[in-house]
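Structural overview for review
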Amino acid sequence: QVLPEIAAEVGDKIEVWVDGGIRSGQSVLKALALGAKGAMIGRPWMYGLGAYGEDGVTKCLEIVHKELDLTMAFCGKTSVRDVDCSVLY
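Residues numbered from 1 in each chain as written. Predicted model: local features only at pLDDT ≥ 70, side-chain atom pairs only at ≥ 80, totals over all residues. Heavy atoms only, no water.

1. A word on the overall build of the protein chain
For clarity, the cut-off: The way it works is that DSSP assigns letters per residue, a run of H or I at least four long becomes a helix, a run of E at least two long becomes a strand, and they are numbered from the N terminus. Charge counting treats Lys and Arg as positive and Asp and Glu as negative, with His and both chain ends excluded. One atom stands in for each charge, and that atom is NZ of Lys, CZ of Arg, CG of Asp or CD of Glu.
Check the secondary structure of the protein chain and you find three helices and two strands. With the C-alpha coordinates of the protein chain rotated into their principal frame, the extents come out at 40 × 25 × 20 Å. Separation of charge centres in the protein chain, based on 9 positive and 12 negative side chains, amounts to 3 Å.

Written as structure tokens, this is what we have:
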């Protein structure tokens, strides 16, 4: 829950990225809404790799992308640049 404070404190001096806990497109949207500039997707693509190799990684990333796209649409956003904390409430 400290992400908004960290993002506000560093401002534009450095980019803040989230690494951990990202499991879906909704997780990515939440990280962006809380002030992150990006999110690292670790575990989901490893599951895809273990299950189906390179094709599994591709499929995993497609799913996360689709989830993010749909969730943004539900929030009335068309670009990640427009995402702010208002989508959380």
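2. Some remarks on helix H2 (residues 25–33)
A turn of α-helix holds 3.6 residues, and therefore any two residues three or four places apart point the same way. To keep things clear, this is the line we draw: In this scheme, a residue with accessible area under 20% of its type's maximum is buried, one over 50% is exposed, and one in between is partly exposed, where area comes from a 1.4 Å probe on protein chains only. Two residues qualify as a contact provided that any one of their heavy atoms is within 4.5 Å of a heavy atom in the partner residue.
The complete set of buried residues in H2 reads Gly 25, Val 28, Leu 29, Ala 31, Leu 32 and Ala 33. Along its buried surface, H2 packs onto helix H1 (3–10), strand S1 (17–19), strand S2 (38–40) and helix H3 (43–74). Backbone geometry just downstream of H2 places Gly 35 in the positive-phi region, at approximately 115°.

3. A few points about the environment of Ser 27
Within the secondary structure, Ser 27 is located in helix H2. Along the primary structure Ser 27 and Glu 67 are separated by 40 residues, whereas in three dimensions their C-alpha atoms are 9.4 Å apart. Excluding residues that lie within four positions of it along the chain, Ser 27 makes contacts with Gly 21 and Ile 22.

4. Focus on H1
Convention followed: Taken from the helix axis, the directions to the C-beta atoms give the arc we talk about.
Buried within H1 we find Leu 3, Ala 7 and Val 10. The buried residues of H1 occupy an angular sector of 75° when projected down its axis, which confines them to one face. What points out from H1, more than 90 degrees from its buried face, is the exposed set Glu 5, Ala 8 and Glu 9. Among the structural elements, S1 and H2 are those in contact with the buried residues of H1. Phi turns positive, to about 55°, at Gly 11, one or two residues after H1.

5. Let's talk about a nonpolar patch on the surface
We apply this condition: Exposure above 30% relative accessible area and the absence of a salt bridge qualify a residue for a patch, where like charges join within 9 Å and nonpolar side chains (Val, Leu, Ile, Met, Phe, Trp, Tyr) within 5 Å. All accessible-area figures derive from a Shrake-Rupley calculation using a 1.4 Å probe, and residue coverage is judged against the displayed protein chains alone. The term salt bridge refers to a side-chain nitrogen of Lys or Arg lying within 4 Å of a carboxyl oxygen of Asp or Glu.
A contiguous nonpolar patch, built from Trp 45, Met 46, Leu 49 and Leu 61 and spanning about 370 Å² of accessible area, is present on the exposed surface. Relative to the elements of secondary structure, Met 46 occurs in helix H3. What makes Met 46 partly exposed here is its relative accessible area of 47%.

6. Considerations on the nonpolar core
Threshold: As used in this record, nonpolar core signifies buried Ala, Val, Leu, Ile, Met, Phe, Trp, Tyr and Cys residues forming a set joined through side-chain atoms within 4.5 Å.
By size, the foremost hydrophobic cluster in this structure holds 18 residues, and its most contacted members are Leu 3, Val 18, Ile 22, Val 28, Leu 29, Ala 31 and Val 83. Taken together, the elements giving at least two residues each to this core come down to H1, H2 and H3. Residue contributions to this core peak at five residues, all from H2. Filtering out sequence-adjacent residues up to four positions away, Val 28 remains in contact with Ile 22, Ala 39, Ile 41, Val 64 and Leu 68.

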